[in-house]
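In case you want the letters, here they are:
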Amino acid sequence: MHARSSLTVLATALALLGATATATAATEPLSRPRVAARFDLAGGRQPENITVGRDGSAFLTFSFARQIVRVAPDGRTHVLATLPAPAQARTPNLGKAFVGGIARAHDGTLYVTYATGTADLTGVWAVRPGGRPHRVAALPADGLPNGLALDRRTHRLYVTDSVHGVVYRVPASGGRASVWAEGDALRPSSFAGANGLKLHGGAVWVTNLDKGTVLRIPVTARGTAGGIEVRATGMPSIDDFAFTGRGDTLLAARDDDEVDLVRPDGTHTAVLTAADGLRTPTSVAVRGDTVYVPSAAYLTGEGPNLLTARLDR
């Protein structure tokens, strides 16, 4: 009788322990969140942006380490390139060199934005497989190039500038950048304006961090920017985002340890939080039924990581 009671107590304790270990704040349509990789904060390994390959490998920018890395499906991290350090960084708002957005071409070439506050380095950089990083387009040194997306059909890159509050367009093969879209909806109100950027459904979509908005800018038949549409509001500190594959529904990272599901009607709900492992999430990628969320720990001061979750369709 005593032995049976002890076993019952032990079984109950283990069950409770298991329940605690799997406790999560994940909300439909996301489930099974887990930390797939952890990074060294002391080494400056803070993931800012992400794109995902066919095999599930995540390609990340480490913002202040000036690195581009590949995180294999087993969680191992491989440094692909380190961008050159400026003689003296004068990056607006940050004061130090910053690698931001990332996009990947069919041939494996990786494009990233780089801000140093110096004219010789600020701009869009490219790294071909096995190659060395090189700048393909200069951008204003007094700006903060951030979000990035590649139009594979036209071979053009779109870039947000969070300080100037504009969207640039750049030939992926290299050349002069031009202002593609501008307006009050893109400009900052205190710290940073136009931030995350994606191409979707014949439009350029942009978030404004200061204003907590999601914006849609149609691409006209001539390739110019149409009028800026506000598609969602009320999301302070919104960073980058990704579409789920269900029309205009998207998942947006927020610096206050949330990932929000944003519906086409503009309503939004938190679907991941700090309880799932978020530590200042910065961006989102979706591939198949897997969601990837890098956390840079900018505000928490601990725990930079890459989190994955299942997207239930």
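Structural data are supplied above this passage.
Position numbers for residues start from 1 in each chain and track the written sequence from start to end. Given that this is a predicted model, residues contribute local features only at a pLDDT of at least 70 and side-chain atom pairs are listed and counted only at 80 or more, while totals for whole chains, interfaces and linings are drawn from all residues. Think of the side-chain values as coming from all heavy atoms in the structure, minus any hydrogens and water.

1. Description of the packing of aromatic side chains
Alright, step 1. Note on aromatic contacts: the rings of Phe and Tyr and the six-membered ring of Trp form a pair at centre separations within 6.5 Å, being stacked when their planes are under 30 degrees apart, edge-to-face when over 60 apart, and tilted otherwise. Considering all chains together, one arrives at seven aromatic pairs under this definition.
Alright, step 2. On the basis of an interplanar angle of 55 degrees and a centroid distance of 5.8 Å, the ring pair of phenylalanine 64 and tyrosine 298 is categorised as tilted. Residue phenylalanine 64 is located in the loop between strand 3 (58-62) and strand 4 (67-71), and its partner tyrosine 298 is located in the loop between strand 23 (290-295) and strand 24 (305-311); the two are separated by 234 residues in the primary sequence.
Alright, step 3. Only protein chains enter the accessibility calculation, which uses a 1.4 Å probe. A residue is then buried if its area is under 20% of the maximum for its type, exposed if over 50%, and partly exposed in between. Judged by its relative accessible area of 28%, tyrosine 298 falls in the partly exposed class.
Alright, step 4. Distance and angle both matter: a charge sits over a ring if NZ of Lys or CZ of Arg is within 6 Å of the ring centre and within 35 degrees of the ring normal. The positively charged end of lysine 96 is found above the aromatic ring belonging to phenylalanine 64, 4.2 Å away from the centroid. The helix and strand labels rest on DSSP assignments: H or I over at least four residues marks a helix, E over at least two residues marks a strand, and numbering proceeds from the N terminus.

2. Some words on the nonpolar core
Alright, step 1. Residues belong to one nonpolar core when they are buried, are Ala, Val, Leu, Ile, Met, Phe, Trp, Tyr or Cys, and are joined through side-chain atoms within 4.5 Å. Within the largest apolar cluster, 17 residues are counted, with the highest numbers of intra-cluster contacts made by Tyr111, Val124, Leu150, Leu157, Val159 and Val170.
Alright, step 2. Looking at this core, the elements that each hand over two or more residues are strand 8 (123-127), strand 9 (134-138), strand 10 (145-151), strand 11 (156-161) and strand 12 (166-171).
Alright, step 3. At three residues, strand 12 tops the list of elements feeding residues into this core.
Alright, step 4. Contact criterion: two residues are considered in contact whenever any of their non-hydrogen atoms come within 4.5 Å of each other. If sequence neighbours within four positions are ignored, valine 170 has contacts with Val124, Ala137, His155, Arg156, Leu157, Val159, Gly175 and Ala177.

Remember, this is a structural readout, not a statement about activity or role.
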